[in-house]
Amino acid sequence: MRKVLVDIAERTLAAYVTTFLGLLIADGFDLTDVSAIKAAAIASLPAALSVIKGAIGSRFGEKGTAAWLPRRRSGDRA
């Protein structure tokens, strides 16, 4: 269970950081502007959705991870 929680936390943090940085870059790094503050607040939404996705994946996807798709086995081909 601990591995799943770490996996979900990693995915959530990655979703938040990439979205936050993308919105800051798009806004021009002006943190004094109200729209930049709104963008930072909006950046938390994909991270929240990532938690939900991870919870669903840990329940119905690959056991022991937050992934939805099963892990490819060493003998499997694409």
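Residues numbered from 1 in each chain as written. Predicted model: local features only at pLDDT ≥ 70, side-chain atom pairs only at ≥ 80, totals over all residues. Heavy atoms only, no water.

(A) Representation of the overall build of the chain within the structure. Looking only at helices and strands, the chain features 3 helices and 0 strands. The order of α-helices and β-strands along the chain, N terminus first, is α-α-α. Here the chain holds 78 residues, and the buried ones make up 23% of them. Excluding contacts between residues fewer than 6 apart, the proportion of contacts in the chain whose partners are at least 24 apart in sequence is 50%. Per element, the accessible surface of the chain, about 5900 Å² overall, is 68% carbon and sulfur. (Helix = DSSP H or I, 4+ residues; strand = E, 2+ residues; numbered from the N terminus. Buried < 20%, exposed > 50% of the residue type's maximum accessible area, 1.4 Å probe, protein only. Contact = heavy atoms within 4.5 Å. Areas by Shrake-Rupley, 256 points an atom, 1.4 Å probe, with all protein chains shown as cover.)

(B) Up close: the side chain of D7. Locating D7 in the fold gives a position in helix α1 (residues 2-27). Not counting residues within four places of it along the chain, the set of residues in contact with D7 comprises T65, A66 and A67.

(C) Focus on α1. Between its first and last C-alpha, α1 extends 37 Å over 26 residues, near the 38 Å set by a 1.5 Å rise per residue. Of the positions making up α1, those classed as buried are V4, D7, I8, T12, A15 and L24. Lining the buried residues of α1 we find α3 (44-60). Trailing α1 by a residue or two, G28 shows a phi angle of about 90°, which is positive. (Expected span 1.5 Å × (residues − 1).)

(D) Representation of the pattern of salt bridges within the structure. Taken as a whole and judged by the stated rule, the model has 1 salt bridge. Linking R11 and D7 is a salt bridge whose minimum nitrogen-to-oxygen distance equals 3.0 Å. In this pair, R11 and D7 are both assigned in helix α1, 4 residues apart and thus about one turn of the helix distant. For D7, a relative accessible area of 14% translates into the label buried. (Salt bridge = Lys/Arg side-chain N within 4 Å of Asp/Glu carboxyl O.)

(E) Summary view of the environment of S50. Structurally, S50 is set in helix α3. When the C-alpha positions of S50 and A9 are compared, they lie 9.0 Å apart, and in sequence the two are 41 residues distant. Excluding its chain neighbours within four sequence positions, the residues that come into contact with S50 are R11, T12 and A15.

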